[in-house]
Each structure stands twice: as C-alpha cells, then as structure tokens.
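Next come the chains, spelled out residue by residue.
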Amino acid sequence: MIERSLRRKLTFHAHNRTLVLVKRPNEKLEHRLMMALLWALYLPQYPGVRVEVAIGTRYKPDLVALNAEGQPIFWAEAGEVGLDKLRILCGRYCATHLVFAKWAMNTMPFARLIEQALRDTRRSAPVELICFDDHAGRFVDDTGHIHITFADIERTTWA
C-alpha cells in the first residue's frame, strides 16, 4: 500500500506541548509535517496557536492564534494557496502575522505573488514565506520531538 493512502495519527512534541495530527488518505505526509514544523517554530511567539480550527471566516487556517476578541493575530498556511486567497489574506488581515510555507520548491514565483498582493495594502504585521527542504523530516526525532529553529529554514519577510 502506498504511504500516501494510509490514514495515520501523527504525534509531535515541542516546547513541552503535544500536537496530534491525523493524516488523511488523500493528503501528502509533507503537508502534515509542514504544519507540525510551523507549530513548533511559532509556538513560543504564539502559545495559543491551534491547528485547523474554523474561526468563522471564509477560509480555515492551517494554524491560527486569536486575540482576546477572537480576531486572528497569527495565520499560517502550509502548501498550496490560491491567488484569490492570498490577496484576501494580505488585504483583509493587515494586523495579522501571515506565514505561507512551501515544501522543497523554488519560492520566487510565490514571493512575486505575495509582493503583488501587498502592493496596495498598509500592514501592521509581517508576512513571511518559508520553504522547508525535502529533508525537513530530519527535524523530527524518532519520538516525535521537533528540533527546529528559524536558522534551519529559508525565510523571506515583508514587514
């Protein structure tokens, strides 16, 4: 059986917290791994970050942290993001720290799309583009503990 078609429960640990993700049969393992790595990277900055939680908006974020009023202060997307979604997120959530993560690819085309989406916006929070290389699984040990820092990844930031 192909690994991609298996339903799997994945357990990760970072910063004395645990994250359990279920890999759906039609989903790439890399998508779940990116979500876990993003969770570990941003958990110190956003201790209330949650994964795949509907927040009453048109789109459901892969990762999100909310302020006391229930507004997103952090929103991360792992993998594919369409141009419409990119423009809406960059334009509508100007006070939200946005992170877009890609897996083992040339990020320049997507970086250009971000720059286009940001042209006519006034933001008070950063937008980041992260690229994990195809060996990013090395940041997760055999017990599910994630050991990753921002120095380990390719990251572009628009302030």
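Residues numbered from 1 in each chain as written. Predicted model: local features only at pLDDT ≥ 70, side-chain atom pairs only at ≥ 80, totals over all residues. Heavy atoms only, no water.

Before going further, it helps to examine the packing of helix α2 (residues 83-92) against helix α3 (residues 108-118). The interhelical angle for the contact between α2 and α3, taken along N-to-C directions, is 45 degrees, at an axis separation of 9 Å. The angle between the axes of α2 and α3 places the two elements in the oblique class. Of the two elements, α2 crosses α3, and the hand of that crossing is right-handed. Contact with α2, carried on its side by Leu-83, Leu-86, Arg-87 and Cys-90, involves Phe-110, Leu-113, Ile-114, Gln-116, Ala-117 and Leu-118 of α3 and no other residues of that element. (Axes fitted to C-alpha atoms, helices over the stretch in contact; angles between N-to-C directions. Helix = DSSP H or I, 4+ residues; strand = E, 2+ residues; numbered from the N terminus. Parallel < 35°, antiparallel > 145°, perpendicular 65-115°, else oblique. Left-handed = near helix turned anticlockwise from the far one by under 90°. Contact = heavy atoms within 4.5 Å.)

On to the confidence of the model for the chain. Averaged over all residues, the pLDDT of the chain is 91; the fraction at 70 or higher stands at 96%. Segment residues 1-6: pLDDT under 50, and 15 contacts once partners within four positions in sequence are set aside and those in other chains are kept. (pLDDT = per-residue confidence, 0-100.)

What follows deals with the pairing of strand β5 (residues 72-78). Burial analysis of β5 places six of its seven residues in the buried class, which makes it a mostly covered element. Where strand β4 (residues 63-66) meets β5, four bridges bridge the pair, whose relative direction is antiparallel. In the strand pairing of β5, Val-64 is matched with Trp-75. Sheet topology places β5 next to strand β6 (residues 97-103); five bridges connect them, and they run parallel. Bridge pairing in β6 places Trp-75 opposite Leu-98. Once you follow β5 into α2 and on to β6, the crossover reads as right-handed. (Buried < 20%, exposed > 50% of the residue type's maximum accessible area, 1.4 Å probe, protein only. Pairing = 2+ DSSP bridges. Right-handed = clockwise from strand over helix to strand, strands pointing away.)

Let's shift gears to the side chain of Glu-128. Along the chain, the position of Glu-128 falls in strand β7 (residues 127-132). One polar contact links Glu-128 to Tyr-42, side chain to side chain, over a distance of 2.5 Å. (Polar contact = N/O pair within 3.5 Å; in protein donor to acceptor, adjacent residues only side chain to side chain.)

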